[in-house]
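Given next are the chains, with one letter for each unit.
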Amino acid sequence: MRHVNTRLEHWEVVAHKLERENKALRALLSYRPGPTESFISARVVGGFGSAFVRTLMLNAGFRDGVEKSYAVMDGTGMVGRIVEVGQRSARVLLLTDLNSRIPVTIGDKGNRAILAGDNTDVLSLDLLSPKANVEVGMRVITSGHGGKLPAGLPIGRVSRVHEGSVEVQAFV
């Protein structure tokens, strides 16, 4: 038991040292934390799926703090983004919509691409560097580039790589 206490005291000292070092480095960089993440809960009250458009209607709008370009998530990943906002409702453009284009990062190496929908359940990667080494199973997340969406939102995994085309299976 004494050994465990000694070990815990050692890690407490290390933690305090790292905390002081982190604080000093943040001061050196004049670091200002970004806005805190917040969530607005809403229900889907309508869905519009056709050959030309894939959207959902939510029961939350301006009065609830919803703004255009906000990411729409469920428990497993990103569903789409807000494209229209009313006082009490908002329209979501699904990732699978033909008009949906999202900047993403693939895998741990940070390969960047544009995730595109085509009105099917299959998402594809556009503008991916030919030098990128993309493999089935790699995780796809938002990159944060363009400033519309935060970085790191989960989208899906690479499901197929075939002759220069890469398909993504969304988590949602």
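As a reminder, the structure under discussion sits directly above these lines.
These remarks concern the structure in this document. (Residues numbered from 1 in each chain as written. Predicted model: local features only at pLDDT ≥ 70, side-chain atom pairs only at ≥ 80, totals over all residues. Heavy atoms only, no water.)

## Observations concerning the overall build of the protein
Counting its regular elements, the protein contains 1 helix and 11 strands. The N-to-C order of helical and strand elements in the protein reads α-β-β-β-β-β-β-β-β-β-β-β. A principal-axis box enclosing the C-alpha atoms of the protein has dimensions of 70 × 50 × 40 Å. The buried share among the 172 residues of the protein stands at 30%. (Helix = DSSP H or I, 4+ residues; strand = E, 2+ residues; numbered from the N terminus. Buried < 20%, exposed > 50% of the residue type's maximum accessible area, 1.4 Å probe, protein only.)

## Things to note about the sheet that holds strand β7 (residues 111–116)
Adjacent strands of a sheet form backbone hydrogen bonds with each other and so pair up, either parallel or antiparallel. Sheet architecture is closed into a barrel: 6 strands sit in the order β6-β7-β8-β11-β10-β9, paired in antiparallel fashion. For this sheet, the mean inter-axis angle between neighbouring strands, taken without regard to orientation, is 45°. (Pairing = 2+ DSSP bridges. Axes fitted to C-alpha atoms, helices over the stretch in contact; angles between N-to-C directions.)

## Structural notes on the pattern of salt bridges
As enumerated under the stated definition, the model contains 4 salt bridges in all. Ionic pairing is found between Asp64 and Arg63, a salt bridge with its closest N-O pair at 3.7 Å. Relative accessible area serves as the criterion here: at 34%, Asp64 is assigned to the partly exposed category. Here Arg63 falls in the partly exposed class, since its relative accessible area comes to 48%. For Arg91, the salt bridge identified is with Glu84, shortest N-O distance 3.4 Å. A relative accessible area of 21% places Arg91 in the partly exposed class. (Salt bridge = Lys/Arg side-chain N within 4 Å of Asp/Glu carboxyl O.)

## Quick word on helix α1 (residues 2–28)
Here α1 spans 39 Å end to end across 27 residues, near enough to the 39 Å set by a 1.5 Å rise per residue. Backbone geometry just after α1 places Ser30 at a positive phi near 55°. (Expected span 1.5 Å × (residues − 1).)

## Considering the pairing of strand β9 (residues 139–142)
Sheet analysis places strand β6 (residues 101–106) next to β9, joined by 3 bridges and oriented antiparallel. Bridge pairing in β9 links Val104 to Thr142. Where β9 lies against strand β10 (residues 154–162), 3 bridges are found, and the strand directions are antiparallel. Opposite Val140, over in β10, you have Gly156 as the bridge partner.

## Let's talk about the nonpolar core
Among the nonpolar cores identified, the biggest contains 20 residues, and Ile102, Val104, Ile106, Leu115, Leu125 and Ile155 are the most heavily contacted of them. In this view, Leu125 contacts Val104, Ile106, Ala113, Ile114, Leu115, Val166 and Val168; residues no more than four positions away in its chain are not counted. By size, the runner-up hydrophobic cluster in this structure holds 11 residues, among which are Leu56, Leu58, Ile82 and Leu94. (Core = buried A, V, L, I, M, F, W, Y, C linked by side-chain atoms within 4.5 Å. Contact = heavy atoms within 4.5 Å.)

## Focus on the side chain of Asn119
By the element assignment, Asn119 lies in the loop between β7 and β8 (123–126). Among the polar contacts made by the side chain of Asn119, one reaches the main-chain amide nitrogen of Leu98 at a distance of 2.8 Å. (Polar contact = N/O pair within 3.5 Å; in protein donor to acceptor, adjacent residues only side chain to side chain.)

## Here's the deal with the environment of Val140
Of note, Val140 is situated in strand β9. For Val140, a relative accessible area of 0% translates into the label buried. Between the alpha carbons of Val140 and Leu115 there is a distance of 9.0 Å; along the sequence they are 25 residues apart. Setting aside chain neighbours within four positions, we find Val140 in contact with Val104, Thr105, Ile106, Leu153, Pro154, Ile155, Gly156, Val158 and Val168.

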